[in-house]
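So the chains spell out like this:
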Amino acid sequence: MNKERKLIVAGNWKMNKTVTEATALVESLDRDLGTQTDVDVVVCPPFTALDAVSAKLRNSLIKVGAQNMSENDYGAFTGEINAGMLRDLLVHYVILGHSERREYQQESDAMVCSKTKAALAAGLKPIVCVGESLAQRDANETEAVIGGQLQGSLAGLDAEQMKGTVIAYEPVWAIGTGKTATTEQAQQVHAFIRREISKSHGNEIAQTIRIQYGGSVKPDNARELLSQPDVDGALVGGASLDAGSFSDIINNTRN
Ligand code: 13P
């Protein structure tokens, strides 16, 4: 697939996989993908498996991401993990503001923004998630919601920080439901996101930044979704839990 920006496909394992299962998964994934370099591939295991997965992938092209982190540097924050601890495990990416965290942990745009800045300051690449609910889409509020989330979550980021950031558009109604946005729906919102970034940070940044689509991405729909001009990759949930289906997604997007 000949794309303007290098594709980035990340697997968000959510709260799945023991250490044994996680290392087995990345071992077969690494074998399946071999030495391909045309797509950036990231796996995001739960915190408990980060160390083992990172060690397994030390000589691999597959990068490791976390699913969340604290906005604080260190201190009395029981149960939290900071950016430095992730860097220590050779983690390169961190998913921030996933809709499940926005919903179940009440993460606000302001909090996502603080986390994004803390991640960037530590040298991590944040994958900042935005997305509308079905009710918001039905009420024609998609652009207003996404526009607000972008503004709030990326507030005050300078050009360099934006270049180190990935955006993930994940319509909440498409997550884990088997309902995928149509290619037109995805392209429309991705183009809107790029226009918004162009307005806030200029055209050069808007043309450089990568925007992933997430929500029921599977081997059989990945190619069509990712062939859209403004879709620069995928954030995959369920289908990333199996090495075969995740590598099929990646291979299906390659030439
Ligand atoms: P599914 O691919 O299972 O729909 O999950 C998408 C997602 O939430 C990735 O972050």
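All values derive from a computational prediction rather than experimental measurement.

Chemist: How should I be thinking about the pairing of strand 6 (residues 166–169) in this particular structure?
Modeler: Judged by which residues are buried, strand 6 turns out to be covered on both faces: Val166 and Ala168 on one side and Ile167 and Tyr169 on the other are all buried. Bridging between strand 5 (residues 125–130) and strand 6 involves four bridges; their strand directions are parallel. By the bridge assignment for strand 6, Val130 is matched with Tyr169.

Chemist: Would you mind showing me how to read the pairing of strand 8 (residues 233–236) here?
Modeler: The side-chain alternation of strand 8 yields two buried faces, one formed by Gly233 and Leu235 and the other by Ala234 and Val236. Remark: the strand 7 (residues 210–214)/helix 11 (residues 219–226)/strand 8 crossover connection has right-handed handedness.

Chemist: Which parts of the structure should I look at to understand the sheet that holds strand 4 (residues 93–96)?
Modeler: Strand-to-strand pairing in sheets goes through backbone hydrogen bonds, with the strands running parallel or antiparallel. Around the barrel, which closes on itself, the eight strands sit in the order 1-2-3-4-5-6-7-8 with parallel pairing between neighbours. Within the sheet, the average angular offset between the axes of one strand and its neighbour, ignoring direction, is 25°. Of the strand pairs in this sheet, strand 3 (residues 63–66) and strand 4 are connected by two bridges, and their pairing is parallel. Across the sheet, Gly65 pairs through a bridge with Tyr93, a residue of strand 4. Its contacts with the sheet put helix 2 (residues 47–56) on strand 2 (39–44) and strand 3, and the angle it makes with strand 3 is roughly 165°.

Chemist: How do you make sense of the pattern of salt bridges when you look at a structure like this?
Modeler: Oppositely charged side chains are able to pair whenever their charged atoms sit close together. Scanning all chains against the criterion turns up 16 salt bridges. Among the ionic pairs, Asp109 bridges to Arg102, the shortest N-O distance being 2.5 Å. One salt-bridge network, in which partners are shared between bridges, spans Glu4, Arg5, Arg194, Asp230 and Asp232.

Chemist: Explain the site of the ligand here, please?
Modeler: Contacts to the ligand come from Asn12, Lys14, His98, Glu170, Ala174, Ile175, Gly176, Gly215, Ser216, Leu235, Gly237 and Gly238. Measuring from an oxygen atom of the ligand, one finds a side-chain N or O atom of Glu170 at 2.9 Å. Contact between the ligand and Gly238: an oxygen atom at 2.8 Å from a main-chain N or O atom of the residue. Contact with the protein chains hides 96% of the accessible area of the ligand, taken as 310 Å² for the molecule alone. Residues of the shell around the ligand, tallied by class, amount to three nonpolar, seven polar and two charged.

Chemist: Hey, could you run me through the side chain of Asn68 in this one?
Modeler: Residue placement: Asn68 occurs in the loop between strand 3 and helix 3 (83–88). For Asn68, the side chain forms a polar contact with the side chain of Arg101, separated by 3.4 Å. Polar contacts involving the side chain of Asn68 include one to the side chain of Lys115, which spans 2.8 Å. Leaving out residues up to four positions away in the same chain, Asn68 has contacts with Phe47, Leu86, Val94, Ile95, Leu96, Arg101, Glu107 and Lys115.

Chemist: Just checking my understanding: could you explain helix 9 (residues 183–201) for this structure?
Modeler: Each full turn of the α-helix corresponds to 3.6 residues, which orients residues three or four apart in the same direction. Here helix 9 contains 19 residues, and its C-alpha end-to-end distance of 26 Å stays within 8% of the 27 Å for a straight helix at 1.5 Å per residue. Burial in helix 9 covers these residues: Thr183, Ala186, Gln187, Val189, His190, Ala191, Phe192, Ile193, Arg194, Glu196 and Ile197. Phi turns positive one or two residues past the end of helix 9, at Gly202, with a value near 95°.

Chemist: Even after reading the chapter, I still don't get unusual backbone geometry, so can you show me in this structure?
Modeler: With glycine set apart, most residues show a phi of negative sign, and most peptide bonds adopt trans. One non-glycine residue, Lys17, lies in the positive phi region at around 85°. For Lys17, the location among the structural elements is in the loop between strand 1 (7–12) and helix 1 (19–33). Judged by relative accessible area, which is 25%, Lys17 ranks as partly exposed. Of note, the phi angle at Leu90 is positive, near 60°, even though the residue is not glycine. Relative to the assigned elements, Leu90 resides in the loop between helix 3 and strand 4.

Chemist: Just to check I follow, could you spell out the packing of helix 1 against helix 2 for this structure?
Modeler: Describing two packed helices takes the angle between their axes plus the distance from one axis to the other. Taken N-terminus to C-terminus, the directions of helix 1 and helix 2 make an angle of 30°; their axes are 9 Å apart at the nearest point. Between helix 1 and helix 2, the angle is such that the two are roughly parallel. Crossing of helix 1 against helix 2: the hand is right-handed. Contact with helix 1, carried on its side by Val19, Ala22, Thr23, Val26 and Glu27, involves Thr48, Ala49, Ala52, Val53 and Lys56 of helix 2 and no other residues of that element. For the contact of helix 1 with helix 2, the class distribution of residues is six nonpolar, two polar and two charged.

Chemist: What is the right way to read the environment of Val43 from this model?
Modeler: Within the fold, Val43 resides in strand 2. Val43 sits 110 residues away from Ser153 along the chain, and the two C-alpha atoms are 23 Å apart. Look past the residues within four positions of Val43 in its chain and what remains in contact with it is Gly11, Trp13, Val26, Leu29, Val53, Leu57, Ile62, Lys63, Val64, Gly65 and Phe246.

Here is what the cut-offs are and how they apply
- Residues numbered from 1 in each chain as written.
- Predicted model: local features only at pLDDT ≥ 70, side-chain atom pairs only at ≥ 80, totals over all residues.
- Heavy atoms only, no water.
- Buried < 20%, exposed > 50% of the residue type's maximum accessible area, 1.4 Å probe, protein only.
- Helix = DSSP H or I, 4+ residues; strand = E, 2+ residues; numbered from the N terminus.
- Pairing = 2+ DSSP bridges.
- Right-handed = clockwise from strand over helix to strand, strands pointing away.
- Axes fitted to C-alpha atoms, helices over the stretch in contact; angles between N-to-C directions.
- Contact = heavy atoms within 4.5 Å.
- Salt bridge = Lys/Arg side-chain N within 4 Å of Asp/Glu carboxyl O.
- Near = heavy atom within 4 Å.
- Polar contact = N/O pair within 3.5 Å; in protein donor to acceptor, adjacent residues only side chain to side chain.
- Areas by Shrake-Rupley, 256 points an atom, 1.4 Å probe, with all protein chains shown as cover.
- Nonpolar A, V, L, I, M, F, W, Y, C, P; charged D, E, K, R; others polar.
- Expected span 1.5 Å × (residues − 1).
- Parallel < 35°, antiparallel > 145°, perpendicular 65-115°, else oblique.
- Left-handed = near helix turned anticlockwise from the far one by under 90°.

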